[in-house]
Amino acid sequence: MTQLLLGNDAIALGMVQSGCRVMTAYPGTPSSEILAGVVKFKKKLGREIYTEWSASEKVAFEVALAASWSGLRAATAMKQVGLNVAADPLFSAAYTGVVGGFVIVPCDDPGPMSSQTEQDSRLMALTAKVPVFDPSTPAEALAMTQAAFELSERHCLPVILRPTTRVCHAVQSVDVPTAPAAAPNGHNAGFKKDPQRWAATPVFRLKLHNELNAKLADIEAEFEASPLNYSVNQPSAISHQPLGIIASGVVFTTAQEALAELGAEAPILKIGTPFPLPRKRAMEFIAQFERVLVLEEPDACIELQIPDRTRVNGRLDGTVPNAGELSPEIVMSVLAEALDRAGLPVPPPPDDAALSAIVQSLKIAPRRPRLCPGCSHRSAMFTMKRTFGPNAIYPGDIGCYSLGTNLRAIDTFVDMGAAVTMATGFYQAGRITGDKRPIVALIGDSTFIHSGIVPLANAVHTGARFVLLVLDNHTTAMTGTQPTPANDYTAEGDIATKISIPDIVRACGVKFVAVADPYDQEPFKALLEEAQAFTRAPEGGLAVIIADRPCVLYDDSPIEANPIPVVVTEDCDGCRYCVEAFECPALVLRADKSRVDIDYRICVECGQCIDACYKGFIVPQMSVVSTQ
Amino acid sequence: MELKLILAGIGGQGVVFATKVLSQAAMGRGERVMASENHGMSQRGGSVMSHVKIGGSEAPLIRRGTADALVAFDRVEAMRSLPFVRAGGSVYVNSVNGLDPAVMARLTELGIGVFSVEADACARELGAPAVTNLVVLGFAAAHSGLGLSVDDLKNSPKRNHSYRQRGLRVRP
């Protein structure tokens, strides 16, 4: 049956059809739809699968790993930087091996479009010594998910399936094979004790490392003959030709299309298993050509493993740009140059700039992402800025509130949980340099549970003093409102035990803990001042304020219960303060810059902008009606 | 014959939803579809663009200068996405006054037709301001710009999908 599938849904369907029994994930673009897809397809196909939105990627990895050690097929998904968080168990699990097929899906983000790096999870696989599959399309991702479970089980080794954003978020008509009536169940025999493996001390780890190396040699031999690696445009007679191409992932499809447009028939070796690279096959392919161009994303993994790169060009020698997504425009220009260098006739590449110049001359301002109308983070950060001004240090973290950079309310973000640790470091550095500026760190509820708790315990223990603002909007908002351990329901909507963020903060030894609604801007300001005073008091210390207000996308019932429609009075002089300092998308500066209007199509009637006009020109609608 | 379409708009306007309607409709006619969506940061009110290829290619992105048609739910986003349109292609845009006069001469030179529809007003008249996206899509189909008929769109299984309005409540 042909189905329209999102790449992430294709991976999810592959997991369900392959008899995966435990699936865990921590949300992160572009991976977030995989677990939701598993929940959807397990219900549709009537399969029993335990799913979990875990507290972090490391948690997700280890929960799934234990299931695999119990003989069940298991999988875990995350964004590429999430695999950094789960790197510790990944490296260890490569040594110990697995029992039930174990598939890890870190989704890479060339560009990067929604990430702090564009790191290559295939290189992570290479370093950790686990095999990796690299799908080019949703259809291939579905097939490879099945193959990954089988390979993992055959060699008792974790296997990585590495899609990129353009596979995860591509939608393709896919011929879906009928699901087997009874899904394969792995070994399904429960956890069997084997301390020399599952609890191996360093002495046994050396033995396991040698075992791992042997497994990889077997897998490379298997990949030499794998149908996941194949040639296209291959001439029937072996001959010496000017140019060949090795490609993997989405770039393989982009290169095929570009070659067709150029009317060139350069042979392509498509690699579906970048690590361990089937080196014999690659070298046999390379031997046929004067030059070989390697196209891969986001970094050089295949190219790096080619034993003799004398005739090879790619990202490593700069022939292909060594950063950024390989867009169709870039692939076209790289291919045209390579064909030309190889002495092949190149028709002038089709003009893709006919309109670019004139559109550029219009200088259309980029439309940057902004916090939603009614977002509680905006209120919290606006009040924070009003309280502490531009000079305080604002360490931020990963989530929607990183858009607070627009409001100049975020000075740093590094990775999950770094708001707390960076604030600790800024405090200690400030003691040395004599910098007495206030430090106010911001972290979201999901991020706090993911990676903020341990840093908080550390900060309290070492005597660091700063204000920590936990922006608790009751959900993981940026990635699509997935639940956290502070919610009372699971990934499947079942009842779950809710843990309390204030209780965790108190248990870390924080003496100043307050919960407040950032919509009440004046009391919130007073609380921020009190917290700051506590950080400076002789008997004081670290102060935590939990800004408690649900995300409008997740739960707008508090606004529905108390809508405050607003108007901008005729006195508005277009000073732009509200547009810049508050930056609600529903506050729109008129084209002639004379005044600000409310865009009532998107205004959610939160009334928060009333305080954003210090001149008092934004007022509740009711007050206008009553004065008329 | 392969058809390459660009859908452009602002986060919240339903670009991804329109992509699904279009893709399902094409599949209903037995066509192969490959489309590329924006997710994540781009959904927080930023520019959103999706690429749709009907009838063959497995490459998810459309190269600049090769799209047969641009379907835009916002005038500024239409302008921004123009470089994708090929010579002889078409632009269907939600606008009360077409595109910026500065580009019109060049578009005419390249044989690119611009068709405007006051989709916001149409949607308001329908009492469903959130369906601006479907008005523009239907408008393009009626002009044979999608290789699909209006009936094909009506037959899309996605047609009854409820529009997600939370956080983007639209008031007439």
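Going by the structure above, here's the rest.
Description of the structure in this document.

On to the nonpolar core, then. All names here are of chain A. Residues Met15, Met23, Ile34, Leu90, Val105 and Phe133 are the most contacted members of the largest nonpolar core, which totals 68 residues. In this view, valine 105 contacts Ile11, Met15, Ile34, Thr76, Ala77, Met78, Leu161 and Pro163; residues no more than four positions away in its chain are not counted. By size, the runner-up hydrophobic cluster in this structure holds 66 residues, among which are Cys372, Leu471, Leu527 and Val544.

Moving on to the sheet that holds strand 3 (residues 47–54) of chain B. Here we have eight strands laid out as an open sheet, ordered 1(A)-8(A)-2(B)-3(B)-1(B)-4(B)-5(B)-6(B), and mixed in their pairing. Each edge of the open sheet carries a strand with a single partner, namely strand 1 (2–6) of chain A together with strand 6 (113–117) of chain B. Taken over all neighbouring pairs, the strand axes of this sheet differ in orientation by 20° on average, direction set aside. Sheet analysis places strand 5 (residues 85–94) of chain B next to strand 6 of chain B, joined by five bridges and oriented parallel. Considered in strand 6 of chain B, the bridge of B:Val93 is made with B:Ser116. Across the face of the sheet, helix 1 (residues 7–17) of chain A comes into contact with strand 1 and strand 8 (170–175) of chain A while running at roughly 115° to strand 1 of chain A.

On to the pairing of strand 3 of chain B, then. Residue and element names in this part refer to chain B. Burial analysis of strand 3 places six of its eight residues in the buried class, which makes it a mostly covered element. Two elements, strand 1 (residues 3–10) and strand 3, share eight bridges in a ladder whose sense is antiparallel. The residue bridging alanine 8 from the neighbouring strand is methionine 49, located in strand 3.

Within a pair of aromatic rings, the relevant descriptors are the distance that separates the centres and the angle that separates the planes. A complete count under the given rule lists twelve aromatic pairs over all chains for this structure. The interplanar angle of 85° and the centroid separation of 5.0 Å between the aromatic rings of A:Tyr577 and A:Tyr614 together place this pair among those described as edge-to-face. Linking A:Tyr577 in helix 23 (residues 577–582) with A:Tyr614 in the loop between strand 20 (596–598) and strand 21 (618–620), this pair joins segments that are 37 residues apart in sequence. Relative to B:Phe115, the ring of B:Tyr92 has its centre 5.2 Å away and its plane inclined at 15°; by these criteria the two rings are stacked. Taken as a pair, B:Tyr92 in strand 5 and B:Phe115 in strand 6 lie far apart in primary sequence, 23 residues in all. Put simply, the rings of A:Phe382, A:Tyr577, A:Phe582 and A:Tyr614 touch in pairs and so form one group of aromatic residues. Sitting over the ring of A:Tyr519, A:Arg549 keeps its end group 3.7 Å from the ring centre.

What counts, and where the lines are drawn
Residues numbered from 1 in each chain as written. Chains lettered and ligands numbered in written order. Predicted model: local features only at pLDDT ≥ 70, side-chain atom pairs only at ≥ 80, totals over all residues. Heavy atoms only, no water. Core = buried A, V, L, I, M, F, W, Y, C linked by side-chain atoms within 4.5 Å. Buried < 20%, exposed > 50% of the residue type's maximum accessible area, 1.4 Å probe, protein only. Contact = heavy atoms within 4.5 Å. Pairing = 2+ DSSP bridges. Helix = DSSP H or I, 4+ residues; strand = E, 2+ residues; numbered from the N terminus. Axes fitted to C-alpha atoms, helices over the stretch in contact; angles between N-to-C directions. Phe/Tyr/Trp six-rings, centres within 6.5 Å; stacked < 30°, edge-to-face > 60°. Lys NZ or Arg CZ within 6 Å of the ring centre and 35° of its normal.

In short, geometric facts, not functional conclusions.
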